[in-house]
Amino acid sequence: MTSKSQLASKFTLPTIFVIFGITGDLVQKKILRALYHLYIKKVLPQKFRVYGFSRRSYGDKQLREYLKSIMMTKAFPEPSLYDVFLESFYYIEGDFHEEEVYGKLAEILGRADGMWKVCTNKLFYLAVPPISYMHIITNLHKNGLTIPCSPEEGWTRVIVEKPFGTDLDTAIDLDMTLAKLFKEEQIYRVDHYLAKETVRNILAFRFSNSFLTPAWNNKWIEKIEVKLFEKDTVSERGNFYDKVGTLRDVGQNHMLQLLALFIMEQPDSFTPEEIKEKRSKALESIKTPTPAAIRTLTRRAQYEGYREEKGVATDSNTETYFSIQATTSIPQFEGVPLILESGKALDEDLTEVVVTFKHTGNGLYDEKTTPQNILHYYLRPDESISMRFLAKKPGFKYELEEHSLGFDYHAAYEKSAFVDDYEALMYDIIKGDQTLFVSTKEILSQWQFIEPIVNVWEKGKPPLQFYKKNTYAGTVFKKK
Ligand code: BG6
């Protein structure tokens, strides 16, 4: 067994981050900030280096200047530490589609091991379009980079981002290749929703509050809705988005994961294996819809003007909005509608899970006019929980009025208490904790549910509808 001191030394071994796509969107938006925050919190390994890969003809100096300009524009904290942090960044110019660059990379990594006189930890971050994944991992393997250089010290890990495949077959292909070249404990599949503070709270909320336990079933729950509404259009991402659509962009991953956390069985313990196993079972339990159900229980729509966006086909039928009503085979939730709804260019930024409870059924109230208890579990715009309940209105009459009990994370805690999603992910990757990462089984269950829907939609059923930008598409279609 690995002792605590061995674990500690593995954690503090010099660590090399190889980032494919260092000048790309993800580094700009998420990875750089995450690494910097870990650095200023002093939780990065003491000795670390980042090798950034990109095609631009940069050197180390230009890379550092480029990253510094991002840090300045985005007002990262503690500007006096920017330069010293960036001194650990090095640039590798190269097209990662060309095989020779992997030989060069192997040499550079070998030299770093020599310099530190140790087999360093190595982390390969694939912050590139998924189309390049196969090529990169195969070439890492050909150059001996997938195997840690010694069994005793220095791990090697690979990080892949969503979308993980474009359908079930491509997901299986990618998975089989990864499994051939890496061990499961080396593979970190990112769904950044799992690392959000509020999402990590779901299990705590569900399994530490006894008042919820007796009500968490189809006797008391009428429906569960997962909503991810965005005001933004696809803006600059038309080229990517048009091949994917809303269902595959956020439905196949983030939204199904949220749903799984709301319906999964209680884990026997809070170990990564147990949590992932129960989450995976919940995803597996979501029933594959029949073509008839897809025609009647799903809707898809596109905002007006989408076809004029940069990178979008002028006759595109890609959805920018969808809603789906699903069910699960988990006996506790049999018959409970599970509704997923998401869209771009809607009228608000809102991400929440809404649990609507049934009426008491005790005959004391008129159920037609009495509001139901509703739990709003918000991820955005606030990270908060609100429970709608009924109370008697003051006065002589016995009249009911709706109120809410609430908890707002940001009102309750200092800003410094929060850890960003990518920061949490990076921290766990370095620590070797896979709880917040997605397993093969989960990905395959997600595709098993999504793929039949995409296939029926591609046949034009139900027909694509259209909505005006910044209107709430759901309301528009409910009138149908
Ligand atoms: C990404 C999608 O995975 O998630 C984006 O590609 C979407 O289209 C985003 O906007 C939503 O994530 P968040 O963290 O902003 O809620």
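Residues numbered from 1 in each chain as written. Predicted model: local features only at pLDDT ≥ 70, side-chain atom pairs only at ≥ 80, totals over all residues. Heavy atoms only, no water.

**Some details on the site of the ligand**
Taken together, K162, H192, Y193, K196, E230, R237, D249, V250, H254 and K344 make up the full set of residues near the ligand. Within the side chain of E230, a nitrogen or oxygen atom sits 2.5 Å from an oxygen atom of the ligand. One of the side-chain nitrogen or oxygen atoms of H254 is found 2.7 Å away from an oxygen atom of the ligand. Class assignment of the residues belonging to the shell around the ligand gives a composition of two nonpolar, two polar and six charged. (Near = heavy atom within 4 Å. Polar contact = N/O pair within 3.5 Å; in protein donor to acceptor, adjacent residues only side chain to side chain. Nonpolar A, V, L, I, M, F, W, Y, C, P; charged D, E, K, R; others polar.)

**A word on the sheet that holds strand β2 (residues 48-54)**
The strand order β3-β2-β1-β4-β5-β6 describes an open sheet built from six strands, whose pairing is parallel. Of all strands in the sheet, those with a lone pairing partner are β3 (89-93) and β6 (187-189), marking the two edges. For this sheet, the mean inter-axis angle between neighbouring strands, taken without regard to orientation, is 20 degrees. Relative to β2, strand β1 (residues 15-20) runs parallel, the two sharing six bridges. (Pairing = 2+ DSSP bridges. Helix = DSSP H or I, 4+ residues; strand = E, 2+ residues; numbered from the N terminus. Axes fitted to C-alpha atoms, helices over the stretch in contact; angles between N-to-C directions.)

**What to know about the side chain of S132**
Tracing the backbone through its elements, the reader meets S132 in the loop between β4 (121-126) and α6 (133-142). If we skip the residues at most four places from it in the chain, S132 touches F96 and H97. (Contact = heavy atoms within 4.5 Å.)

**A closer look at the sheet that holds strand β10 (residues 338-343)**
A sheet is described by the order of its strands in space; here nine strands give the open sequence β14-β13-β12-β11-β7-β10-β9-β8-β15, paired in mixed fashion. Of all the strands in the sheet, just β14 (400-408) and β15 (465-467) have a single pairing partner and so form its edges. Mean inter-strand twist for the sheet, computed between neighbouring axes without regard to direction, equals 20 degrees. As paired elements, strand β13 (residues 384-392) and β14 share nine bridges and run antiparallel to each other. In the strand pairing of β14, R388 is matched with S404. Packing against the sheet, helix α8 (residues 197-208) makes contact with β12 (374-380) and β13, and its axis sits at approximately 150 degrees to β12. Against the sheet, helix α9 (residues 238-263) contacts β7 (221-229), β9 (321-326), β10, β11 (350-357) and β12, and its axis sits at roughly 145 degrees relative to β10.

Remember that the coordinates give geometry; whether it matters functionally is a separate question.
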